[in-house]
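In case you want the letters, here they are:
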Amino acid sequence: MVLKVTGGQRGEWSVLRVAGELDLVTSPALRQRIHEVVAEGRHDLVLDLSDVFFCDSSGVGVLIAGRRLIRSCQGRLRLILPAGGAEEGSHVNRVLGALGVRRLFDVYPDLAAALDDEPLSA
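Keep in mind it's a predicted model, so treat the numbers as computed, not measured. (Residues numbered from 1 in each chain as written. Predicted model: local features only at pLDDT ≥ 70, side-chain atom pairs only at ≥ 80, totals over all residues. Heavy atoms only, no water.)

Visitor: What's the story with the nonpolar core in this structure? I'm lost.
Guide: Residues Leu16, Leu30, Leu45, Leu47, Leu49, Leu79 and Leu96 are the most contacted members of the largest nonpolar core, which totals 27 residues. For this core, the elements supplying multiple residues, two or more each, are strand S2 (13-22), helix H1 (27-39), strand S3 (44-55), helix H2 (57-72), strand S4 (76-80) and helix H3 (90-98). Broken down by element, this core gets its largest block of residues, five residues, from S3. Once residues lying within four places of it in the same chain are set aside, the contact partners of Leu16 are Val5, Thr6, Gly7, Leu30, Arg33, Ile34, Val37, Leu45, Val46, Leu47 and Asp48. Counting eight residues, the second largest nonpolar core, distinct from the first, contains Val46, Tyr108, Leu111 and Ala114. (Core = buried A, V, L, I, M, F, W, Y, C linked by side-chain atoms within 4.5 Å. Buried < 20%, exposed > 50% of the residue type's maximum accessible area, 1.4 Å probe, protein only. Helix = DSSP H or I, 4+ residues; strand = E, 2+ residues; numbered from the N terminus. Contact = heavy atoms within 4.5 Å.)

Below is the structure:
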């Protein structure tokens, strides 16, 4: 399966919707898109990972590197990760949790919540 990354603007936020497998072969495409967004001067980014059904350590590495890049620009990175066990995308949530890095990210259940400027509730 190939990785599909589509994007758009929602107010001050750039939104990248990611679908497919995020692995060693496909993760460079997401890395490139994140760098393109930042190069355009957009430093507030939402990554919608709802349709990512597989993520390996390479994918996690891209997410962490993206976080570091956005933070170096004083920007904000938010991830959309469904929490339900049966929903697509929950695999990424479990992988980040298992690796102990989920706490590094601001995680939201859907796009509406991610675009809301209210602080994240515990």
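Visitor: Would you take a moment to explain the pairing of S4 for this structure?
Guide: Of all five residues that make up S4, four are buried, and the element is covered over most of its length. Taking the sense of rotation as the criterion, the β-α-β connection linking S3, H2 and S4 turns out right-handed. Bridge count between S4 and strand S5 (residues 106-108): three bridges; the pairing is parallel. The residue of S5 that forms the bridge with Leu79 is Val107. (Right-handed = clockwise from strand over helix to strand, strands pointing away. Pairing = 2+ DSSP bridges.)

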